[in-house]
Amino acid sequence: MSSYFLCSHCLNWVRPHNGHCPECSAGIDIDQPDPPLDQLRSEIGDITARLGSVRIPRKTLPSNGMLYATTRGLFFIPHRVEHVMRYEERPVSPPLFWRILALFSWPLHLFLLFFRGREVLEVKVAEQRPQIVHDHESELLPEMLMDNPGAFFLPLNSIRMIERRRDRWLIDRQYGGRITVLSEVDRKQFDQEMCLHLESPSWKHVVARC
C-alpha cells in the first residue's frame with residue numbers, strides 16, 4: 001500500500017498515481033521537501049468562521065472532522081481520536097451448572113427464565129474529539145495540515161459551485177471529484193452559517209445555491 005503525500009499544488013493528502021496527484025494531476029516528486037509553512041500560511045489565509053462538525057464520506061482517509069472557512073477557502077481538519085477507559089454493564093448468563101440442573105427442576109427453570117444477571121466491565125473505547133481552532137489562531141493551520149493526513153484545504157479559485165440538497169452540501173471543483181459535506185450536529189445552524197458565508201464578497205465568483 002502506497003503512502004500518502006501532501007500535494008503542494010492542491011493541498012490534499014493523496015497517494016500519487018504514476019508520479020501525479022490524482023486530485024489535480026500535478027506532478028509529485030516524493031523527494032521534494034514539503035512546502036514551507038509561511039507559504040502555506042499565505043495560501044490558506046485567516047479563519048473567518050468555524051462552520052461546524054461535518055462528515056465528508058471518503059474510502060480510506062478520515063471522514064469526520066471540523067470545517068472552517070478562511071479568507072482563501074475552506075479548511076477541513078479530521079477529529080482527533082483518543083482512547084479512553086469506560087465502565088460498561090453487560091448481561092450475564094446463568095452458570096452452566098444451574099442451567100443443567102434446570103433441566104430436572106421446574107422451579108429452577110422458572111427462576112432462570114427471569115434471571116437478570118449483570119456485570120460491570122472496564123473497556124477501552126475510541127472517542128472522536130473535534131480540533132477547535134479560534135479566529136486568532138490561524139497561524140496553527142499550516143502545521144495542522146502538515147501533521148494530519150486527511151486534512152485538506154480547498155482554495156476559493158478551485159471551487160466552481162456549492163449547493164445545498166436536502167441534508168447535504170455538494171461542492172463542485174475545477175479539478176477532482178465532487179465533495180459531499182454532511183453536518184454532524186445542528187444541521188439548521190450549519191446551513192445558516194454556510195449560506196451567510198457564501199454571501200461574503202470573496203465568494204461572489206462561486207455559483208451558490210442555498
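Data block above holds the structure.
All of these numbers come straight from a predicted model, not from anything done at the bench.

1. Describing the pattern of salt bridges
Under the criterion given, the structure shown has eight salt bridges. With its nearest N and O atoms 3.1 Å apart, the salt bridge here joins R165 to E163. By relative accessible area, which is 6% here, E163 ends up buried.

2. A short note on the pairing of strand 9 (residues 159–165)
Sheet analysis places strand 9 next to strand 10 (residues 168–173), joined by six bridges and oriented antiparallel. Bridging across to strand 10, M161 finds its partner in D172. Between the end of strand 9 and the start of strand 10, which pair antiparallel, lie two residues, with R166 showing a positive phi angle near 55 degrees. Bridge count for strand 9 against strand 12 (residues 207–209) is three bridges, and the pairing is parallel. Opposite M161, over in strand 12, you have V207 as the bridge partner.

3. Quick notes on the sheet that holds strand 5 (residues 73–78)
If you walk across this open sheet you meet the eight strands as 8-5-4-3-11-10-9-12, and the pairing is mixed. Looking at strand neighbours, the two that pair on one side only are strand 8 (152–155) and strand 12, the edges of this open sheet. Geometrically, the sheet is characterised by an average inter-axis angle of 25 degrees between neighbouring strands, direction not taken into account. Packed onto the sheet, helix 5 (residues 187–198) meets strand 3 (47–55), strand 4 (64–70), strand 9, strand 10, strand 11 (179–183) and strand 12 and runs at close to 145 degrees relative to strand 3.

4. A word on the packing of aromatic side chains
Tallied over the full model, the rule gives one aromatic pair. Aromatic side chains F76 and F152 sit 5.2 Å apart centroid to centroid with 25 degrees between the ring planes, which places their arrangement in the stacked category. Of this pair, F76 sits in strand 5 while F152 sits in strand 8; the two residues are 76 residues apart in sequence, bridging distant segments of the chain. The exposure classification of F76 matches that of F152, with both residues buried.

5. As for the pairing of strand 3
Across seven bridges, strand 3 lies against strand 4 in antiparallel orientation. Residue pairing for strand 4: S53 is matched across the bridge by M66. Here strand 3 pairs with strand 11 via two bridges, running antiparallel. Considered in strand 11, the bridge of R55 is made with L182.

6. Describing a nonpolar patch on the surface
Where nonpolar side chains cluster on the molecular surface, the patch consists of L96, I100, L103 and F104 and spans about 500 Å² of accessible area. What makes I100 partly exposed here is its relative accessible area of 41%.

7. Brief notes about unusual backbone geometry
Positive phi is not limited to glycine here, since N18 has a value of about 55 degrees. By secondary structure assignment, the location of N18 is in the loop between strand 2 (13–14) and helix 1 (37–44). A residue is classified by how much of its surface remains accessible, and N18, at 66% relative accessible area, is exposed.

8. Remarks on the environment of R55
For R55, the location among the structural elements is in strand 3. Along the backbone, R55 and V185 are 130 residues apart, and their C-alpha atoms lie at a distance of 10.0 Å.

9. A word on the side chain of N148
Looking at the secondary structure, you find N148 in the loop between helix 4 (141–147) and strand 8. Among the residues examined, N148 registers a relative accessible area of 19% and is labelled buried. Excluding residues within four positions of it along the chain, N148 makes contact with W13, I77, P78 and Q131.

Rules behind the numbers
- Residues numbered from 1 in each chain as written.
- Predicted model: local features only at pLDDT ≥ 70, side-chain atom pairs only at ≥ 80, totals over all residues.
- Heavy atoms only, no water.
- Salt bridge = Lys/Arg side-chain N within 4 Å of Asp/Glu carboxyl O.
- Buried < 20%, exposed > 50% of the residue type's maximum accessible area, 1.4 Å probe, protein only.
- Pairing = 2+ DSSP bridges.
- Helix = DSSP H or I, 4+ residues; strand = E, 2+ residues; numbered from the N terminus.
- Axes fitted to C-alpha atoms, helices over the stretch in contact; angles between N-to-C directions.
- Contact = heavy atoms within 4.5 Å.
- Phe/Tyr/Trp six-rings, centres within 6.5 Å; stacked < 30°, edge-to-face > 60°.
- Patch = residues over 30% accessible without salt bridge, like charges linked within 9 Å, V, L, I, M, F, W, Y side chains within 5 Å.
- Areas by Shrake-Rupley, 256 points an atom, 1.4 Å probe, with all protein chains shown as cover.

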